[in-house]
Structures are given as structure tokens and as C-alpha cells.
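Architecture at a glance
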Amino acid sequence: GSNKIPLIIHNGLMDLMFLITHCHDPTLPESFEETKATIRSYFPRIVDTKILAGEYSDSIIKGGKSDLGSLFNVITSEREMSWITFKAPTISNGESSQQAHEAAYDAYMTGCVFNGLCDRILYQENGLSGSLTLDKLLHDSTDDAVRRLVGLNKLYMHVSLYTIDLES
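The sections below set out a description of the structure shown in this document. (Residues numbered from 1 in each chain as written. Predicted model: local features only at pLDDT ≥ 70, side-chain atom pairs only at ≥ 80, totals over all residues. Heavy atoms only, no water.)

In this section: helix α5 (residues 68-77). Three or more residues of α5 are buried, namely L68, S70, L71, F72, I75 and T76. Those residues of α5 that are buried are in contact with α3 (49-56), α4 (59-62) and α6 (103-126). (Buried < 20%, exposed > 50% of the residue type's maximum accessible area, 1.4 Å probe, protein only. Helix = DSSP H or I, 4+ residues; strand = E, 2+ residues; numbered from the N terminus. Contact = heavy atoms within 4.5 Å.)

Have a look at this one:
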């Protein structure tokens, strides 16, 4: 379709596979290539902020922690919050005042991180001219340009260095 709005995730490969097994077919395809094709059929444009931070951002971000909470703290502490046009959801679970790992708040943090990282990347690309905006990048640019600047359709995949033997 003509909708060029990407799905924004943070380290969300497992979330996408969960969605596929619950909304498409209870069994993932045999091969990883087929799994990727199935994900793309539902979500043709995805940006993973973990990849955005680790592979496309500046050295300050690349040199820091890449978990969502740490990125959110860096992005929101370095600038005035007036650029955020939506408010954080209020979460009340009766158990904790922390809001991280609540779906609504994680979505809010992911949006803020995406916006902040894109601002940094576009500043590197444009300098002071500001000719390429996030809106232009997402709506008017080719997929190749979006892939080059923010890693369109590249997802973080954690690979453990350890084997877990459930029988020992």
C-alpha cells in the first residue's frame, strides 16, 4: 500500500514473532527466511531503535548503554521536553511506581527515543540547514534513504554465547 509509516520497536524481534504465532499461524515457518518474509508481509517498514542507537547514531549514543530505559534517559535529559507533543501515559498497577516494562510506557519511551535519535542523525546529515526533516524522511524519501539513515527493516537479534541445557 501507500502507507509509508514504519512500525517503531525497540529490540522487538521476539514481540513480532509472538504476534505472528498468535495472529497468523501458531507455528513459525520452518526457515528463518520464511519467518522474515511473514513479518515483512504484515509489517513492510520497521525501525528498531536498538539498531538505530547501536549502528546509525553518533559516538555518544553508540558508546553508551542501548537498553530502552538508558536511551530514554539520555535523550530526554539532554534537551528540553517541549519537543514531545504527547504526554506520558499514567500507569497504576498498585505494586510499583516504576513505569518501565509497562506496555504503554515502553511505547511512549520508544517513540521518544526514536524521535530523539532521528533528530541527532538528521542533524549529522543536514548540519544546520535542516533540509531533511523526520517527516520528509518517513513520507517522501525512498526506502533506500530510510534504510541508509535509520536502518529500515534491520532488527536486533540477541544471540547468546551460552548454551542452556534444561536437562542438567
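In this section: helix α2 (residues 32-42). For α2, the full list of buried residues reads T35, T38 and I39. Projected down its long axis, α2 shows its buried positions confined to an angular sector of 100°, all on one face. Residues of α2 that are exposed and angled more than 90 degrees away from the buried face: E33 and S41. If you follow the buried residues of α2, they end up packed against α1 (13-23) and β2 (46-48). (Arc of directions from axis to C-beta.)

Below, the discussion takes up the layout of surface pockets. Reported here for the second largest pocket is a volume of approximately 250 Å³. Forming the boundary of the second largest pocket are L13, F32, K36, I39, R40, I46, N153, K154, L155 and M157. Tallying contributions element by element places α2 first for the lining of the second largest pocket, with four residues. In the lining of the second largest pocket, the residues fall into six nonpolar, one polar and three charged. (1 Å grid on protein atoms, 1.4 Å probe; cavity = no way out; pocket = protein on both sides within 12 Å on 5 of 7 lines; lining within 4 Å. Points joined across faces, edges and corners; volume = space filled by probe spheres on them. Nonpolar A, V, L, I, M, F, W, Y, C, P; charged D, E, K, R; others polar.)

Structurally, Y56 can be placed in helix α3. Taking C-alpha positions, Y56 is 8.8 Å from L117, a pair spaced 61 residues apart along the chain. Y56 has contacts with I51, K62, I121, R147, R148, L149, V150, G151 and K154, leaving out every residue within four places of it along the chain.

Functional significance is not addressed by these values, which are geometric in nature.
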